[in-house]
Every structure is written in structure tokens, then in C-alpha cells.
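The primary structure of each chain is shown beneath.
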Amino acid sequence: MPYFSKLLFLLFCLILTSESRKQMTTRWTGPTETLKHGIALSKKTHDGTKTKKIKTEQLLRVDDFDFSMRPAFAGPAIPVGVDVQVESLDSISEVDMDFTMTLYLRHYWKDERLSFPSTSNKSMTFDGRLVKKIWVPDVFFVHSKRSFIHDTTTDNIMLRVFPDGHVLYSLRVTVTAMCNMDFSRFPLDTQTCSLELESYAYTDEDLMLYWKNGEESLKIDERISLSQFLIQKFHTTSRLAFYSSTGWYNRLYITFTLRRHIFFFLLQTYFPATLMVMLSWVSFWIDRRAVPARVSLGITTVLTMSTIITGVNASMPRVSYIKAVDIYLWVSFVFVFLSVLEYAAVNYLTTVEERKERKHREKQLPCTCGMSHARTMMLDRTYSDSDANSLAGYTKTQVASDEQEKMMVHLSMSNESTATKKKGILRGYRGFRIIKNTHAIDKYSRMIFPGAYIFFNLIYWSSYC
């Protein structure tokens, strides 16, 4: 028994010793654990993203509602305000009849399902990842050919939600849209194009698109400029569009007016065409007997005008009506072509006149029947050196007698018939001297062609400018 009691006493002492050690360890480590726990709580308080249950989707209650339907479904139409900031007007294509524009498109609406409690009344901003989980307006560009949202370095989409449920949805878009152009006054034309926005699915009974601030809803970058056009005006309009199968839709218009710069076409088209017409007039001062010079000058100017006309039409759409530049170029071409015809007429009338003069001279000569070749030449007074050498055998007496014989022949002609013939010839030459006198044709052409072309230019520029 005494031995057993001693064992119990030792076991009790060991138990007491272990308990006292535990208490000492707790006494020294307790404050450290408490400090660590406090720091962890403070971190969780300041960094809301590490809170297990308070996430963005849960704060906006995205999972609690069906966002496949519009706000206030089965109620009145939801108003969606729109404003646009045009960043650049990239290009205008006459051949494709379209334009390319880069812009910031912003939508404003209220969705009470996205309201959240906030003591500071500050908004929350998100990127494109949240857009896929909520309802946004289905606005598209009417008559667009190509369009895309910029995605460098990420999708250029911004979503800003306010505590009361108001939403700002902004995206950066480049769109290529159709523009119906009228080239009847090209290149002195003014073009009006428009970019149209409309909801694809929701009619005016479900969604009401409107310009948020009226004319102030459209902002233009002051640095926008085009090489061929001067931007005259940007303005906004809106009206309803009707589709027979689906109904009425609100449509917004961004309309801009462009006036073409004329200086480029003056240098490339009008001045060269005018110089070619003036160059064709040089042939009027060249001798009519210089056939190669006048013909080559006329053909060169005609071919150059054809090249200018072909080059202008190659950069233009194949429209079925006449453009202003076509009128100028084709009238210039006609002037150049007429200068070639003028020399053709001069050359032809010169040939006809010489032929008539030759026949008239032959009629006035006496009959040389039975006379020797030498006497015939002396009567005509037309003989070459070889013929003169053949007369070397005649003596002076023979030549003198031949001269007397020739004078006797002329004196034997009837005075009355000779006077009648001369009067008839003079009357004929007076009546047709302007037509048949080739010098007169060139002389009058020097005045008529420049005068007519200047008159055409006065009418042309006064009509189109």
C-alpha cells in the first residue's frame, strides 16, 4: 500500500507539471495570435475583392434577375439616350460610294435591377466582361458595309453603373457605311452623307432612341481633315423608320456635308485640257503648205485630250449621267478636233483652187494646134531649162516672128467675149472669196476659235461655281 500511494503521488505531480507548462505557453503565445487575427480582419475590411461573399455580380445582383429581357418589361418603352464623339473621318470613296468613320458611341439608360447600396454615391466602372451578363441596347448601323469594335489591347468597351441604376455604356467603333453620291457637278460638287443608328429588335413601343443632348450630342474632333474635301457641317436628326413586317423603329442620323477641293482638279484636269486647246490653235499660224507640221500637231493634241478623258473616268464610278468635268473635257476635245478639220478644209480648198486656176489659164491660152513644141512653150511662157536648150537652134528672127505671131493671136480674140469672161470670174471670186481663200480661213479661225472657247468658259464657270 505505501508503494502504491507513492506511485499515485508521482503521477499527480507529473500531471500538475504538464498543466502548468500549457498555461505558461498560452500566456506567452496568446497576444501574438490575437495580433495576427486582427491584422487579417483589417485586411479583409480594406480589400473588398478578397471578401468571400461580396463580389461584383452579387453586389449588382446579376444572378437574381433575368437580364435577357429589357428593363421594365411589358411596361412603357425604355428611353435610351445616345451621344457620339467622332474621332476621325478616315476616307471617302467615290468608286464604292461609301465612307469610313471612327467614333465613340455612348448609350444612357436606367435599369433598376443594377442599383446597389452606396454611402458615397459613387459609380462603379467595368470593362467588357460584365456587358455579356446584363442587358444592353441592340443598336446597329443601318446601311453599314463593315464595322468592328476595337480590341487592342483589350475590347474598347466601358460600362459605368451608378447606385440608382443609371448606366453608361461606351464603345469605340469603326464603321464603313454607304453614301449615295451625286456626281452631276463633279468635281465642283457637294456631297451629303449620313450614318444611321437604329435598334434591331425593339420597336418604338419597347425602346425609344433619342439624342441625349440634342445638337450637343455630337462632338467632332477639331483635327479632322480630308485631302479632297472640306467638312462644312455636322448635325443630328431623328425620325421613325417603318418596316412592313416588323413595325416602326426610332432611327438616329448623323449627317455631314462635304465640299470637294477644286484646286487638285484644276492642276490635273482643267489646266492641261485648256493648254491642249490653246496648243491646237498654233496650227493657224503655220504655213498651210507645211503639211507634216500641222497634221502632227493636230493628231498630238487629239490623242492627249483622249488620254486626259480616259484618266479622269478611270477613277470615277460608271454613272449613267454626264458629269460637269465631262462637259468641259468633251467640249475641249471638240475644239481640238475642229482645229484638225480646219486644216483639212484649208488643204482641200487649196487643192481645188489651184486646179481651177490651172484650167482657167489653159482656157485663156490660144490654140497651139499645128505649132511646134518650142512655139507652144513660148506662148505659155512655161518651159524648163532643158526646153530652153532645145530652143538654141532658133535664130533671133525666128523668135521675134514667133512673138509677133503670139501678139497677133491675142489681138484677134474678141474684146467683148474677153470682158464678159473677166466679169464672170470676178463675180465668182467675190462671192466665195471667204470660203475659197485659204488665208482668210486661217485668219478668221485665229479669232473665232479663241473667242468661242472663252465664251464657253464664262458660261461653264458661272453655271457651276
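This is a predicted model, so every value here is computed, not measured. (Residues numbered from 1 in each chain as written. Predicted model: local features only at pLDDT ≥ 70, side-chain atom pairs only at ≥ 80, totals over all residues. Heavy atoms only, no water.)

**Comments concerning the overall build of the protein**
Then step 1. Scanning the protein from N- to C-terminus turns up twelve helices and twelve strands.
Then step 2. Taken over 465 residues, the protein has a buried fraction of 34%.
Then step 3. Partitioning the intrachain contacts of the protein with sequence separation of at least 6 by distance along the chain shows that 75% fall at a separation of at least 24.
Then step 4. On the protein, roughly 29,700 Å² of surface is accessible, and the fraction owed to carbon and sulfur atoms is 60%. (Helix = DSSP H or I, 4+ residues; strand = E, 2+ residues; numbered from the N terminus. Buried < 20%, exposed > 50% of the residue type's maximum accessible area, 1.4 Å probe, protein only. Contact = heavy atoms within 4.5 Å. Areas by Shrake-Rupley, 256 points an atom, 1.4 Å probe, with all protein chains shown as cover.)

**So, a positive patch on the surface**
Then step 1. Residues R355, K356, R358, K359, R361 and K363 make up a contiguous surface patch of positive charge.
Then step 2. Residue position: K359 is located in helix α6 (residues 324-364). (Patch = residues over 30% accessible without salt bridge, like charges linked within 9 Å, V, L, I, M, F, W, Y side chains within 5 Å. Salt bridge = Lys/Arg side-chain N within 4 Å of Asp/Glu carboxyl O. Lys, Arg positive; Asp, Glu negative; His and termini not counted. Charge placed at Lys NZ, Arg CZ, Asp CG, Glu CD.)

**A closer look at the pattern of salt bridges**
Then step 1. Tallied over the full model, the rule gives 16 salt bridges.
Then step 2. Put simply, R251 and E198 hold a salt bridge, and the shortest N to O gap is 2.6 Å. Here R251 is found in strand β12 (residues 247-260), whereas its partner E198 is found in strand β8 (residues 190-199), with 53 residues between them in sequence.
Then step 3. Taking the relative accessible area as the measure of exposure, R251 reaches 10% and is therefore buried.
Then step 4. Counted as one network, the salt bridges with shared partners bring together E94, D189 and R260.

**With respect to the confidence of the model for the protein**
Then step 1. In the predicted model, the protein carries a mean pLDDT of 80, and the fraction of residues at 70 or more is 71%.
Then step 2. Taken together, the stretch residues 429-437 has pLDDT below 50 and engages in ten contacts with residues farther than four places along the chain or on a different chain. (pLDDT = per-residue confidence, 0-100.)

**Quick notes on the packing of helix α5 (residues 291-314) against α6**
In a pair of packed helices, the angle between the axes and the distance between the axes together describe the arrangement.
Then step 1. At a minimum axis distance of 9 Å, the contact between α5 and α6 shows a crossing angle of 165°. Regarding the angle of α5 to α6, the classification is roughly antiparallel. Relative to α6, the crossing made by α5 is left-handed. Of the residues in α6, those in contact with V291, R294, V295, G298, T301, V302, M305, S306, I308, I309, V312 and N313 of α5 are V325, D326, L329, W330, S332, F333, V336, F337, V340, E342 and Y343. (Axes fitted to C-alpha atoms, helices over the stretch in contact; angles between N-to-C directions. Parallel < 35°, antiparallel > 145°, perpendicular 65-115°, else oblique. Left-handed = near helix turned anticlockwise from the far one by under 90°.)

**Comments concerning the sheet that holds strand β11 (residues 229-243)**
Then step 1. Spatially, the four strands line up as an open sheet ordered β4-β8-β12-β11, and their pairing is antiparallel. For this open sheet the edge positions go to β4 (139-142) and β11, each flanked by a neighbour on one side alone. Ignoring strand direction, the axes of neighbouring strands in this sheet form an average angle of 25°. (Pairing = 2+ DSSP bridges.)

**Quick word on helix α4 (residues 263-280)**
Then step 1. Taking 1.5 Å per residue, 18 residues should reach 26 Å; α4 reaches 25 Å between its end C-alpha atoms and fits that length.
Then step 2. Maximal helix bending in α4 amounts to about 35°, located at Y270; proline P272 follows within four positions.
Then step 3. Every buried residue of α4 is listed here: F265, L266, T269, Y270, A273, T274, M276, V277 and S280. (Expected span 1.5 Å × (residues − 1). Bend = angle between axes of the 7 residues up to and from the residue.)

**What to know about the side chain of R294**
Then step 1. Here R294 lies in helix α5.
Then step 2. Using a relative accessible area of 3% as the deciding quantity, one classes R294 as buried.
Then step 3. Only 3.0 Å separates the side chain of R294 from the backbone oxygen of S283, close enough to count as a polar contact.
Then step 4. Separated by 3.3 Å, the side chains of R294 and D442 make a polar contact.
Then step 5. What R294 contacts, discounting residues up to four positions off in sequence, is S283, F284, I286, D287, R288, E342, Y343 and D442. (Polar contact = N/O pair within 3.5 Å; in protein donor to acceptor, adjacent residues only side chain to side chain.)

**Some remarks on the nonpolar core**
Then step 1. If you look at the biggest cluster of nonpolar residues, it comprises 80 residues, and the most contacted ones within it are L60, V84, F99, M101, L159 and L195.
Then step 2. Among all residues touching L195, those that are not within four sequence positions of it are F99, M101, L103, F141, V175, A177, L252, Y253 and I254. (Core = buried A, V, L, I, M, F, W, Y, C linked by side-chain atoms within 4.5 Å.)

**Looking at a nonpolar patch on the surface**
Then step 1. There is a patch of nonpolar side chains on the surface, built from V291, V295, I299 and L303 and spanning about 320 Å² of accessible area.
Then step 2. The topology assignment puts V295 in helix α5.

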